[in-house]
Every structure is written in structure tokens, then in C-alpha cells.
Amino acid sequence: MIAIYDNPAAGARILNRRAMQTVEDVPEVVLASIARVFGEALTPEAAVARLLADVRARGDAALIEWTDRIDGVKVAALEIPKAEWETAYRSLDPALSAALERSAERIRDFHARQPITNWTTNAMGGVLGQRLVPLERVGLYVPGGTAPLPSSLLMGAVPARVAGVDEIIVCTPADRATGLPAPLILAAAHVAGVDRVFALGGALAVGALAYGTASVPRVDKVVGAGGIFTTVAKRQVYGVVGLDGIYGPTETVVVADDTADPAWVAADLLAQAEHDVLATAILLTPSRTLAEAVQIEITRQARELSRAEVIRISLAGQGGIVLTPDVATAVALADQFAPEHLCLSVANPDVWVGRIRNAGGIFIGEHSFEVLGDYVAGPSHIMPTGGTARFNGPVNVLDFVKVINLIGLDADTARALASDADKIASAESLSAHAAAARWRVTGASRKS
């Protein structure tokens, strides 16, 4: 079910076979779905552009019409009343509701420790400083479909609330049978204490949040991962609204040695692969013994799993076990790959943490397995994918605040700096800038 690659060229190929972060190679099933909905062959970019333009022009009417055409869901009202959230929460098994509460508590506790500091200084002539101001309104997209993710709602909403965001708006797809979002997601909305929930999926949700409609308020920033249409829509509305990042299919790289438990490593790879047929699950190891044992375990364990076919396609497409000369090489390759999740199942994992610059999250040792990060460890599981961990990090409190610079120079400092400003402005051929600086030095005040 998962192949072992034992030479550098083959290993390089598997590491370069990451599923699409862009949309050049679109699965046939996606193209067929677009043709069914739109009545003609369109690229995902063209289909999304058409949806966004219609949402911008017709607002709620477009949202209701396209929700029916795309998802087969006839919604009487886009907004889900809070009474429905509470009903969903109270219908949960008490053990599950307690697990959601504990998860929210740990996410809240972790993010409350992140420093958000206003500062000023008088050491540069007058007052200079920065204020960190919470965003007023944030839109959170939560995937639904075959695997509704209440954890994603908690991972986005709780840090936003810690940051002090005034209003949190959730969009998530409705189920065709009930016309409502998944009860688990509504229950999570109750636990997280968000403000409003709308039954909207994919590009429609992103468009509604970016542009605003009669029902859906326009937000300052859209947060959360989704499928290909959500990703394309986020690209197209950037600049109209802020974004946390552009997320592609999920991915895990496990670095392991002979000390690792092959059953545990296999379980971790399978957990990642079951997300999506485009998910990436890779093991890097210097141990052929471990590689072969993990290969056997994956085949054995997959037989008992409900999403075995998704796992099979994922591992065949993007998965693999790559043999490396040593752990140092495995760590270096993982760092170069810049995965969403990087798991260190090796002896003395702490030794290797400092060598990693590029990862959404580093999972240190076998007891810090990635599934705990998905649900209850504390840090947000909304992490950079597709190599964007080279320049981006996980969703955190700083995603929900903005910096405002404070400039309050005293008269003597302003006068002393004006000459330098005049020189630089003149070099840039901005004569009005230069003149404004010279007025502070040579011009008489016109104040009465």
C-alpha cells in the first residue's frame, strides 16, 4: 500500500510529488463537477470568479441559488439560530461534549500565553511606539462534507476570542438531508462562543464574507482551510479582505529511527492519509528494518479503517517511505520539504529541534503524536501547507490583531530630523515632501 524508496533519486521524486498547492493539475472528478453545475467546461479559477461576481452583484439571492445548484441544499434562511447550536450541543454524548470543552480550554490556555504587547519609548525624542489592536470582525470557514471538523472551528475561533476580536462569523456547509450544518460543528460553535453561524460552503462562503450581503456581514479577515474551491476563492478575494494563508492538502513528514514503534508510526501516517486523496504522508528513516515493519503495519491496520480507499489513493499518489543515510539527512530533507506537520520519532528528539527552520509544527517524540495536535494539545491545527511554512506560521493570536504605529516626536527632534527628511525627499524628486520638511526648519509659523 505504501512504497519504499531506497535511492536518492527516487527519494527526491517522492518529496517533489506534493499534491497541488496550485490548480494546474485538476482532478477529472472536479472538472466533471464544474461542468455539471455550470453547464460548460470551466477551470476552477473561472468557475470561482463567476460565483464571486454573482455573490457580489446579487448577494443573498445568489448564495441561495448557488447553494441549491452546487450542494443540492434548499435553505430557507442562511443564518442558523443559536437555539440550534445549543440543541446540537445538548444532544451530544456527555463524554464527547466534555472532550470538546477540554480541547477549547487547552487551546485558550495556550494562546493566552502568547505575548501581545503594546509599547512606547521616549528614548528617540518624544514618543514612539506601537499599539496592537484586535480586528473588529473575522470570518471563519469550517469544512463540512464527509468529515465535518468541529476541531477546526475551535482552532480558529478560540485564538480569535483570546485576541479580543469583537465578532466571529462562522460559515460551514449544510447537509442535504437536514438543510443544517453538521450537529458537531454547531455544538463546537456553542462551545467556542462564536457570534453567528451561516450555512454556506466553499467559494460562496468566502465571497459572502469578503463582500458582505444583506444577511452575511462583511469581515476584516477570512481564516480557515477548505477544498480547492475555497482555496481558489481566497486567492481571488485577497486584498478585498485579509487572509490567514492559502492552504492546500494536509501533509505530515515523520522522521524515525530504530527506536520508533512501527505500529505507532504506521498509525500516524494512516491518520494523515485518511483526510483526503490528495493528503501527503511520508516517512524518512535510515532504518530499512523499520521501513519494512511500517509498510507491513500500514497494510494490516488499513484493513480495519473506514476510509481505507481514501488512504489507498493518498498513499499511492503522495505517500512513501524514503530511506536516508542517517537521521541528520532525514531531518535536513524534512526541513527542505517544509511540511505542515513534522514528527520526530527518534531517540533524543530534542537534539534535532534546533536544526529545523521550516515546519508548521514540530511534534517532539512519539508521545507528542500529530493527532493530539489535531484536537487537544493546545496550538492551533490550522497550519501552513504546500511549502509555505518557509515563510508562514500556524494560526495564532497575532493573526487576529493589527499593529498601529505611534509617532509623537517633540519639536526639537522634529526640527533636527527635518533636514535629513528634506535631503531624502529631494533625492526622490518629491518636492512637496521636501518643502513640508523645510517649513519646520526655515518657515515661519502661520498660526495666529
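It should be noted that the structure appears before, not after, this text.
Rules used in this analysis
- Residues numbered from 1 in each chain as written.
- Predicted model: local features only at pLDDT ≥ 70, side-chain atom pairs only at ≥ 80, totals over all residues.
- Heavy atoms only, no water.
- Salt bridge = Lys/Arg side-chain N within 4 Å of Asp/Glu carboxyl O.
- Helix = DSSP H or I, 4+ residues; strand = E, 2+ residues; numbered from the N terminus.
- Buried < 20%, exposed > 50% of the residue type's maximum accessible area, 1.4 Å probe, protein only.
- Pairing = 2+ DSSP bridges.
- Axes fitted to C-alpha atoms, helices over the stretch in contact; angles between N-to-C directions.
- Core = buried A, V, L, I, M, F, W, Y, C linked by side-chain atoms within 4.5 Å.
- Contact = heavy atoms within 4.5 Å.
- Phe/Tyr/Trp six-rings, centres within 6.5 Å; stacked < 30°, edge-to-face > 60°.

1. Concerning the pattern of salt bridges
Phase 1 of the analysis: For the structure shown, the criterion picks out 18 salt bridges.
Phase 2 of the analysis: K234 is the partner of D244 in a salt bridge, and the nearest nitrogen-oxygen pair spans 2.8 Å. Taken together, the positions of D244 in the loop between strand 8 (242-243) and strand 9 (251-256) and K234 in helix 10 (residues 228-237) put the pair ten residues apart, joining distant regions of the chain.
Phase 3 of the analysis: In this structure D244 comes out as buried when scored by relative accessible area, which is 6%.
Phase 4 of the analysis: A relative accessible area of 2% means that K234 is categorised as buried.
Phase 5 of the analysis: What you see here is one network of salt bridges that share partners, running through D54, R58, E65 and R69.

2. With respect to the sheet that holds strand 14 (residues 401-408)
Phase 1 of the analysis: With respect to topology, three strands assemble into an open sheet ordered 2-3-14, the strand pairing being antiparallel. Of all the strands in the sheet, just strand 2 (119-121) and strand 14 have a single pairing partner and so form its edges. The mean angle between the axes of side-by-side strands here comes to 15 degrees, regardless of whether they run parallel or antiparallel.
Phase 2 of the analysis: Here strand 2 pairs with strand 3 (residues 127-134) via three bridges, running antiparallel. Among the inter-strand pairings, W119 is bridged to a residue of strand 3, identified as Q130.

3. Points about the nonpolar core
Phase 1 of the analysis: Grouped together as the largest cluster of nonpolar side chains are 82 residues, with contacts concentrated most on L153, V194 and L200.
Phase 2 of the analysis: For this core, the element with the most residues is helix 9 (residues 202-211), which contributes eight residues.
Phase 3 of the analysis: In this structure L153 touches L140, V142, V158, V170, I185, A188, A189, A192 and V194, once residues within four positions along its chain are discounted.
Phase 4 of the analysis: Core analysis: the next-biggest nonpolar cluster, separate from the first, contains 23 residues, V265, A273, A281 and I298 among them.

4. Things to note about the packing of aromatic side chains
For any pair of aromatic rings, geometry is given as the distance between the ring centres together with the angle between the planes.
Phase 1 of the analysis: In total, this model carries one aromatic pair according to the counting rule given.
Phase 2 of the analysis: With a centroid separation of 5.1 Å and 35 degrees between ring planes, the pair formed by F38 and W66 is classed as tilted. You can see F38 sitting in helix 2 (residues 28-38) and its partner W66 sitting in helix 4 (residues 60-71), a full 28 residues away along the chain. With respect to class, F38 is no different from W66; both count as buried.

5. Quick notes on unusual backbone geometry
Phase 1 of the analysis: One non-glycine residue, A338, lies in the positive phi region at around 55 degrees.
Phase 2 of the analysis: Relative to the elements of secondary structure, A338 occurs in the loop between helix 14 (327-337) and strand 12 (341-345).
Phase 3 of the analysis: Positive phi, normally seen in glycine, also occurs at S429, with a value near 60 degrees.
Phase 4 of the analysis: By the secondary structure assignment, S429 is in the loop between helix 17 (411-427) and helix 18 (431-441).

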